[in-house]
Structures are given as structure tokens and as C-alpha cells.
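# Fold and geometry: a report
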Amino acid sequence: MNQASPVLPAPPEAPSQKGAGKTTWMREDSFLEKLWRSPKARYSLGVLLVVIAVGIAGPWLAPHDPTQPFYEALLSEPSADHALGTDSIGRDVLSRLLHGARVTLLVAVMAVSITFFTGTFIGVTSGFVGGAVDLVLMRIMDMLLAIPNIIMAMAIVAILGPSLTNAMIAVGIAGIPKYARLTRGATLTVKASGYVEASRAVGTSHARILLVQIMPNIMSPLLVYTTLQIGIAILDTAALSFIGLGAQPPTPEWGTMLSEGKEYIHDAWWLATFPGLSITIVVFAVNILGDALRDIFDPKAS
């Protein structure tokens, strides 16, 4: 009887052509690859990139000076000379809209930066240190959470004085309590994990645990919430400008333009329509992007 031949290991398979030529940041399981595969992320990012490009190039794209009045064309309807019409003192709406994109986006980003850095510091400190520090900080945040964001922002602007800078500061401060709460919860979750306990057992310093193990692992929920917070900041800043507590005339800002257009809503529909539509599109795109990021970081929640 013939002796059975030994089973030899199968030769290694040739690398698949599917992944050939891809760099490290475009691996199939990389963040950018997941982002590109998400239709929601692609479309929302496309819209936001267009708005950012318009905000950067607005002064060069605008056909007229945003503060220049055309007295011969007061409340002029959209036409060849003024594509989106003119306002009550003859200023070109398209030019003001293009300049306002930079102002609106810059204020929103600065306000969210205040929220991000301050809220992250308070939340991480509270969750990591614990004890009396956690108790005091969270009780203060709880008291602030009882006040609606826009009411708190209005109170801060009323104290500091109406201006675009003060509105930015007010919106940033108003968003801190929720951000601090979210950061604290994420910190406590990571702090109680096994690898952090193991690091403590082998004598790893608190600073290294905080910077190397806790901070990188709480970035996912913070990134999602930060994206959503940009939309909230745009709405709150526009609301403050709408009631006269934000950007002051003649600064071209979408909320201010919306406020000016409300008095002519029946006679000059374009004054409120185009700024309102711009705010809606940007906030909608930001929210869709935040939803896409949530799906990427936490597929079970989608």
C-alpha cells in the first residue's frame, strides 16, 4: 500500500490587486477610506469645502463692495447687474453674502474652539482627578446646563456689549457645559478600562496615562460632537445677530442680513431668502457630516 504523502502548507497567496498601489493612509480600513466610502460624508464635505472656498475667495469673487450703496437700485430684484438683488439702501446682496460666508464661518470656528479647549480641559480634569474636584466642577456645569444656550449667550453679550467678537465669546462659553459633561463621561469610561488599570499597576505616571491612553481614546465622540457644535454655533451666532447683539451694521454677516430682510419679507423676498438658505445649507451639511462620522466611529449606532 502506498504511503500517504505528507500535507504540505499551501504557498502564500499573491497580494490582491485590489489593495495594490494604495498608500498607508488609503488602506481599506483607514479613516479616510471609510470617510470616502460614506455618501453622506462625501456630499456634506463637498458642500462644506465649497462654502469654505467661497469664504476664502469671497472678496475676489464679489462683484461689488459689500458696503457700497447703489441709490438708483434700492430694493432691486435679482437682475443681470445684481444677481441676488439689492437691499433697502442699494447694497448688492450677492457681494454681502460672499463676504458674510467668511465672517460666519470664522466666528463659528472660533466659538467652537473656545468650547472645545475649555470644555475638554474641564471634563478631562473632572473625570481623571475625581473626588472633590469632580464634584465641584460638575455641580457648576449642572447649574449652567439649566440655562438654555441662547439665553446664556444673550446674557453674556448683554454684559460685554453687542459686537461680533463678544457674540463669538458668548456662544463659545454657552457650549462649554454640555461639552464638559460629554468629555467627563468619555474619560470615566476609558479610565475604568483594563489597560489603564494595568498601566497604573506597573507604575506608569498619571501624565503618561492621560496623554497616551485617555486622550487618544476619547477623541472619537469629541470629534463627532465638535462637528455638530459648529452647526449650533452658526445658528446661535446668527440668532444673536438677528436680534442685534452680534455683528453690527454694516458688517456683512448672514444673521444680520436675515434680520435686515425680515422687515421687507413681503416686498423684497430675496433679502431674507438667500441668507436664510445659506445658513440652512451649511448647518444641514455640518449635521450630515457629524452623522457620517458617528457611523464611522461607532458602526453599531448606525
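Residues numbered from 1 in each chain as written. Predicted model: local features only at pLDDT ≥ 70, side-chain atom pairs only at ≥ 80, totals over all residues. Heavy atoms only, no water.

### Remarks on the packing of aromatic side chains
Short version of the rule: Here is the rule: rings of Phe, Tyr and Trp (six-membered ring for Trp) pair when centre to centre is within 6.5 Å. Planes less than 30 degrees apart are stacked, more than 60 are edge-to-face, and the remainder are tilted. A 1.4 Å probe rolled over the protein chains alone gives each residue an accessible area, and that area as a share of the maximum for its type sets the label: buried under 20%, exposed over 50%, partly exposed in between. Should the NZ of a Lys or the CZ of an Arg lie within 6 Å of a ring centre and within 35 degrees of the ring normal, that charge is described as sitting over the ring.
In the structure shown here, the tally under the stated rule is five aromatic pairs. Geometrically, the ring pair formed by Phe 116 and Phe 117 is edge-to-face, given 5.1 Å between the ring centres and 85° between the ring planes. For Phe 117, a relative accessible area of 59% puts it in the exposed group. Each member of the aromatic cluster is reached from another via a ring pair, and the members are Phe 116, Phe 117, Tyr 179 and Tyr 225. Above the face of the Tyr 43 ring, Arg 42 is positioned so that its terminal group lies 5.7 Å from the ring centre. The ring of Phe 128 carries the charged tip of Lys 191 above its face, separated from the ring centre by 6.0 Å.

### As for the UniProt feature "transmembrane region" (unreviewed entry) in the chain
Stated formally: UniProt positions are given in the numbering used here, feature names are shortened, and annotations may be inferred rather than shown by experiment. Runs of H or I in DSSP of at least four residues are treated as helices and runs of E of at least two as strands, each being numbered from the N terminus.
Taken from the UniProt record, the annotation "transmembrane region" (unreviewed entry) applies to residues 43–62, 105–130, 150–174, 222–248 and 268–290. Secondary structure over residues 105–130 splits into 96% helix and 0% strand, and the C-alpha atoms at its two ends are 36 Å apart. For residues 222–248, the helix share is 78%, the strand share is 0%, and the end-to-end C-alpha distance is 33 Å.

### Re the nonpolar core
Selection criterion: Throughout, nonpolar core names a set of buried Ala, Val, Leu, Ile, Met, Phe, Trp, Tyr and Cys residues whose side chains join them through atoms within 4.5 Å. Contacts are residue-level and defined by heavy atoms, with any inter-residue pair within 4.5 Å sufficient.
Residues Ile 234, Leu 240, Trp 254 and Val 282 are the most contacted members of the largest nonpolar core, which totals 44 residues. Residue assignment for this core shows that the elements contributing at least two residues are α2 (39–61), α3 (93–129), α5 (149–160), α6 (164–174), α10 (219–242), α11 (254–261) and α12 (270–297). It is α12 that provides the largest number of residues to this core, a total of 12 residues. Those residues in contact with Trp 254 that sit more than four places away from it in its chain are Val 51, Leu 97, Gly 100, Ala 101, Thr 104, Pro 275, Ser 278, Ile 279 and Val 282. Counting 12 residues, the second largest nonpolar core, distinct from the first, contains Val 124, Tyr 179, Val 190 and Val 196.

### Remarks on the environment of Ile 159
Relative to the assigned elements, Ile 159 resides in helix α5. According to the relative accessible area criterion, Ile 159 is exposed, its value standing at 72%. Distance from Ile 159 to Ala 170, taken between C-alpha atoms, is 10.0 Å for residues 11 residues apart in sequence.

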